[in-house]
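Coordinate analysis (summary)
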Amino acid sequence: MIFKTLYTFIIILFIITAISKVSSEEIKGFAKIIDGDTLKISKIKIRLSGIDAPELKQFCIKENTKWPCGLESKKALIEYTKNNIINCISNKKDRYKRLIAKCYKEKQDIQKWLVKNGWAIAYRKYSLEYINDENFAQNNNLGIWKGKFIKPYKWRKINKNK
């Protein structure tokens, strides 16, 4: 009887472990920057997790003047990552088949840097991790917080048929 109970316990433990394990994928290399929250390493397209950056065609308003904040976000990410090996860890894909990943330059969280410097917002729909960094950028008028802007996910929705 003890053997049968122990055997059942081991089987249940094995099943729970197998179900709860999520395989993660690690990608390392030099990044080609697509936009403020998307990059490519070795032909693998990666969407940075937990953040949302202005779209390339998106403009923000600063001192009553439009400026290409989406393009500036991309440029900031290019400068921040250039000549560095980028390490990304992913465990899922989005509907566009991009890996959703947390990426690092050395040991520095790239998403955190983008949000804290005002080049992306915390994407609260998916993560609450970068809210303090967003508050810092907003309180210090950094990046897109220098003026007014439409949140990137709202901008995409408004402009999806254009």
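Notes on the structure follow. If you're wondering where the values come from, they're calculated on a predicted model, not measured in any experiment. (Residues numbered from 1 in each chain as written. Predicted model: local features only at pLDDT ≥ 70, side-chain atom pairs only at ≥ 80, totals over all residues. Heavy atoms only, no water.)

Another point: the pairing of strand β2 (residues 32–35). Bridging between β2 and strand β3 (residues 38–41) involves 3 bridges; their strand directions are antiparallel. Residue pairing for β3: lysine 32 is matched across the bridge by lysine 40. A loop of 2 residues connects β2 with β3, the two strands running antiparallel in sequence. (Pairing = 2+ DSSP bridges. Helix = DSSP H or I, 4+ residues; strand = E, 2+ residues; numbered from the N terminus.)

A negative phi angle is the norm for most residues apart from glycine, just as the trans form is the norm for most peptide bonds. In this structure, asparagine 83 is a non-glycine residue whose phi angle is positive, near 60°. Along the chain, asparagine 83 turns up in the loop between α2 (69–81) and β8 (86–93). A positive phi is found at lysine 97, a non-glycine position, where the angle reads about 70°. With respect to the secondary-structure elements, lysine 97 resides in the loop between β8 and β9 (99–105).

In this structure the tally under the stated criterion is 2 disulfides. Shown here is the disulfide that connects cysteine 60 with cysteine 69, its sulfur atoms set 2.0 Å apart. One disulfide, between cysteine 60 and cysteine 69, carries an S-S torsion of 75° and so falls in the right-handed class. By relative accessible area, cysteine 69 is classed as buried at 0%. Disulfide pairing places cysteine 88 opposite cysteine 103 at an S-S distance of 2.1 Å. With the S-S dihedral at roughly 115°, the linkage between cysteine 88 and cysteine 103 falls on the right-handed side. Remark: cysteine 103 occurs in strand β9 and cysteine 88 occurs in strand β8; sequence separation between them is 15 residues. Taken individually, cysteine 88 and cysteine 103 each receive the classification buried, so the pair is uniform in this respect. Taken in sequence order, the bonded cysteines of the protein chain link in the pattern 1-2, 3-4. (Disulfide = S-S within 2.5 Å. Buried < 20%, exposed > 50% of the residue type's maximum accessible area, 1.4 Å probe, protein only.)

Mapped onto the elements of the fold, glutamate 134 is located in helix α4 (residues 131–139). From its side chain, glutamate 134 meets the backbone nitrogen of alanine 122 in a polar contact 2.7 Å long. Of note is the side chain of glutamate 134, whose polar atom sits 3.0 Å from the side chain of arginine 124. Every residue in contact with glutamate 134, bar those within four places of it in the chain, is listed here: Val115, Ile121, Ala122, Arg124 and Trp145. (Polar contact = N/O pair within 3.5 Å; in protein donor to acceptor, adjacent residues only side chain to side chain. Contact = heavy atoms within 4.5 Å.)

Taken as a whole, helix α5 (residues 152–159) has its buried residues at Pro152, Trp155 and Asn159. Seen from one end, α5 has its buried residues packed into an arc of 55°, which puts them on one side. Buried residues along α5 sit in contact with β5 (51–52) and β11 (121–122). (Arc of directions from axis to C-beta.)

A separate point is the nonpolar core. Soluble globular proteins tend to bury their nonpolar side chains together. With 31 residues, the main nonpolar core has Ile46, Leu48, Cys88, Cys103, Ile110, Leu114 and Ile144 as its most contacted residues. Residue assignment for this core shows that the elements contributing at least two residues are β3, β4 (44–48), α2, β8, β9, α3 (110–116) and β11. The dominant element in this core, judged by the number of residues it contributes, is α2, at 4 residues. The contacts of cysteine 103, once residues within four sequence positions are left out, are Ile46, Leu48, Ile86, Asn87, Cys88, Gln108, Asp109, Ile110 and Gln111. (Core = buried A, V, L, I, M, F, W, Y, C linked by side-chain atoms within 4.5 Å.)

Now for the environment of proline 152. Tracing the backbone through its elements, the reader meets proline 152 in helix α5. Distance in space between the C-alpha atoms of proline 152 and alanine 53 is 6.2 Å, their sequence separation being 99 residues. Among residues more than four places away in sequence, those in contact with proline 152 are Asp52, Ala53, Pro54, Gln58 and Ile121.

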